[in-house]
Amino acid sequence: MKTEKTFIIIKPDGVQRSLIGEIIQRLERTGLKLVAVKMIVPDENFIEKHYTIDPEWKGTVGEKTIKSYREKGLKPPYDDPHKVGNIVLGNLKKFMTSGPVIAMVLQGLHAVKLVRKLVGGTEPFASDVGTIRGDFVLDSYQLADIDGRAIRNLVHASGSIEEANKEIALWFKPEEIINYRLIQERILYDVNLDEILE
Ligand code: ADP
Ligand code: MG
């Protein structure tokens, strides 16, 4: 459990908004350990691979979008979740290749769920105050749809351990992931705390 890994991208909008430091700080200060990091400009093929790692994703993203419209008492602009998935993927390809992104792997107890909690819900307008997406950006499904673009929500974070493992394998070579000890792991995970006092 203590070595669970998750995969995060600071998307082009996060880099352009000068939020790299702020985002890493929020994730790092929990005690999670950064074990891999790099800056790249991905191409469209790679982004398609990333988002279709989960074959169900297109349907899920569509259902989530439609549900969010209905919850707000609005009529969704489309009914077929798969169609939405294809449109979103097209928009993501444009968005995610528009500039450099930071890709990273964080490791620690319940890393996947913990990072999703810190990142907040997909739609910044609806994500909780105190989360990265809730605090630093203001986009909505509605505006993104009107403008025909991807929601700008600063970060990607893996949704499950399985997704994380596949995404890490896609973005990093095994030797780019560093195995090392952090001094703070003593206070985070040590059972007896018998090494503090002289
Ligand atoms: P998350 O990033 O929260 O896991 P999803 O996997 O459902 O969200 O979607 C991936 C990304 O696609 C989102 O972060 C967002 O940038 C974009 N996106 C999702 N749904 C829509 C939509 N209906 N319109 C525009 N962009 C969307
Ligand atoms: Mg997702």
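Note that the structure is predicted; figures quoted are calculated from it, not measured. (Residues numbered from 1 in each chain as written. Chains lettered and ligands numbered in written order. Predicted model: local features only at pLDDT ≥ 70, side-chain atom pairs only at ≥ 80, totals over all residues. Heavy atoms only, no water.)

Caption draft 1: Main features of the site of ligand 1. Around ligand 1, a shell composed of 17 residues is seen, among which Lys11, Lys64, Thr122, Ile151 and Asn153 lie nearest. In the environment of ligand 1, a nitrogen atom lies 2.9 Å from a nitrogen or oxygen atom belonging to the side chain of Thr65. Look at ligand 1: alone it shows 530 Å² of surface, and the protein chains cover 95% of it. The cavity where ligand 1 resides is the largest pocket. Those elements that place two or more of their residues in the shell around ligand 1 are helix 4 (57-71), helix 5 (81-96) and helix 8 (141-147). Of the residues forming the shell around ligand 1, the biggest block, four residues, is contributed by helix 4. Across the shell around ligand 1, the residue classes break down as eight nonpolar, three polar and six charged. (Near = heavy atom within 4 Å. Polar contact = N/O pair within 3.5 Å; in protein donor to acceptor, adjacent residues only side chain to side chain. Areas by Shrake-Rupley, 256 points an atom, 1.4 Å probe, with all protein chains shown as cover. 1 Å grid on protein atoms, 1.4 Å probe; cavity = no way out; pocket = protein on both sides within 12 Å on 5 of 7 lines; lining within 4 Å. Sits in = over half its atoms within 2 Å of the grid points. Helix = DSSP H or I, 4+ residues; strand = E, 2+ residues; numbered from the N terminus. Nonpolar A, V, L, I, M, F, W, Y, C, P; charged D, E, K, R; others polar.)

Caption draft 2: Fine view of the layout of surface pockets. The space that makes up the largest pocket amounts to roughly 700 Å³. Lining the largest pocket are 33 residues, with Tyr51, Trp57, Val61, Lys64 and Thr122 positioned closest to its centre. Considered class by class, the residues forming the lining of the largest pocket number 15 nonpolar, nine polar and nine charged. Roughly 180 Å³ of internal volume is contained in the second largest pocket. Together, Lys64, Lys67, Ser68, Glu71, Gly121, Thr122, Glu123, Ala126, Ser127 and Tyr141 line the second largest pocket. (Points joined across faces, edges and corners; volume = space filled by probe spheres on them.)

Caption draft 3: Main features of the pattern of salt bridges. What the rule picks out here adds up to 11 salt bridges. Here Glu22 ties to Arg26 by a salt bridge, and the two come within 3.6 Å at their closest N and O atoms. Of this pair, Glu22 and Arg26 both sit in helix 2 (residues 20-28), separated by four residues, roughly a single helical turn. Owing to a relative accessible area of 29%, Glu22 belongs among the partly exposed residues under this scheme. (Salt bridge = Lys/Arg side-chain N within 4 Å of Asp/Glu carboxyl O. Buried < 20%, exposed > 50% of the residue type's maximum accessible area, 1.4 Å probe, protein only.)

Caption draft 4: Quick look at the side chain of Ser158. With respect to the element layout, Ser158 can be found in the loop between strand 4 (155-157) and helix 9 (161-171). Separated by 2.7 Å, the side chains of Ser158 and Glu167 make a polar contact.

Caption draft 5: Fine view of the confidence of the model for the protein. Summary statistics for the protein give a mean pLDDT of 96 and a share of 100% for residues scoring 70 or more. Looking at the elements of the protein, mean pLDDT is at its lowest for helix 4, recorded as 91, and at its highest for strand 3 (residues 101-107), recorded as 99. (pLDDT = per-residue confidence, 0-100.)

Caption draft 6: Local environment of helix 3 (residues 44-51). Taken as a whole, helix 3 has its buried residues at Phe46, Ile47, His50 and Tyr51. Looking straight down helix 3, one finds its buried side chains confined to an arc of 125°; they lie on one side. Exposed side of helix 3, more than 90 degrees from the buried face: Asn45 and Lys49 are the residues found there. (Arc of directions from axis to C-beta.)

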